[in-house]
Amino acid sequence: MNAIRSTLNTRARRARRVGAAALFFGIALLAAGCGALPDKPARAALYDFGPGATAPAAAAPAAATQLPTLALAEFESNTRIDGTQILYRLGYADANELRPYGQSRWSQPPAQLLRQRLRDTLAQQRTVLGPEESATIARAKGEVPDTLRISLDEFSHYFDSATSSVGLVRLRATLIRGTTGGDRVMGQRMFTVRRPAPTADAPGGVKALIAASDGAVAEVVQWVDALQKQQPQQQPLQPRQ
């Protein structure tokens, strides 16, 4: 009997030792597993074109000439650049491939950021309407302002080499005038602007693209101003009965 009892006690002690070892091993595995878990994903950096002019605008002289009212249509854009990714091209390797920066984004699609920049600049010398506002005035007063349409075809951080890159913006502008005989194209032009990037990364690409966008906006505004001055608007259309 004593021998049986001794055998049972030995087995019990052995079972406790095995259980304790298994528990310790499990805790060790859990601790190791927790240590191996990936860190919380880094939040993507968001970029826009900045706050714009922060100083109060100086009052324009009373005699300053205001240019004709302009309607600015919503921008069209290539489907490749419709999203918020910041894109780059390795022109020296494969210029046909658009690549996204992994942890950087635009706050809005580039076409929207560029349209707002253009509208703010145009509005310094004229009233700028959206499509719905323009349609409302046309229905109510028979006044159809000239319409500026923009197609954004390229918006990328372009690498000419591993150490040289630019912000590349290419767009097509069309100025349209509504007449009694229908719409008439006053002019159409392609604008391609490159500005050097200070660094070969997403922040450098953002700075270059903003500079290129500002350059393109300045050229478009100058072009529109010249067209509207050369071709003054005629009498407004009569409202439909």
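Up top is the structure.
Residues numbered from 1 in each chain as written. Predicted model: local features only at pLDDT ≥ 70, side-chain atom pairs only at ≥ 80, totals over all residues. Heavy atoms only, no water.

**Observations regarding the packing of aromatic side chains**
Summed over the entire model, instances satisfying the criterion amount to six aromatic pairs. Seen in terms of ring centroids, Trp-106 and Phe-155 are 5.8 Å apart; in terms of plane orientation they differ by 65°. Their pairing is edge-to-face. Of this pair, Trp-106 sits in strand S5 (residues 94-106) while Phe-155 sits in strand S7 (residues 146-159), and the two are 49 residues apart along the sequence. This pair shows no difference in class: Trp-106 is buried, exactly as Phe-155 is. With a centroid separation of 5.9 Å and 75° between ring planes, the pair formed by Phe-191 and Trp-223 is classed as edge-to-face. Here Phe-191 is found in strand S9 (residues 182-196), whereas its partner Trp-223 is found in helix H4 (residues 202-230), with 32 residues between them in sequence. Trp-223 carries the same exposure label as Phe-191, and that label is buried. Site record: aromatic cluster; members linked through ring pairs are Phe-49, Trp-106 and Phe-155. (Phe/Tyr/Trp six-rings, centres within 6.5 Å; stacked < 30°, edge-to-face > 60°. Helix = DSSP H or I, 4+ residues; strand = E, 2+ residues; numbered from the N terminus. Buried < 20%, exposed > 50% of the residue type's maximum accessible area, 1.4 Å probe, protein only.)

**A word on the pairing of strand S8 (residues 165-179)**
Along S8, twelve of the 15 residues are buried, which leaves the element largely enclosed by surrounding structure. Pairing analysis gives twelve bridges linking S7 to S8, with the strands arranged antiparallel. Note on S8: the bridge partner recorded for Tyr-158 is Val-166. Hairpin connection from S7 to S8: five residues lie between these consecutive antiparallel strands. One ladder, built from 14 bridges, connects S8 with S9; its direction is antiparallel. Paired with Val-166 across the bridge in S9 is Pro-196. (Pairing = 2+ DSSP bridges.)

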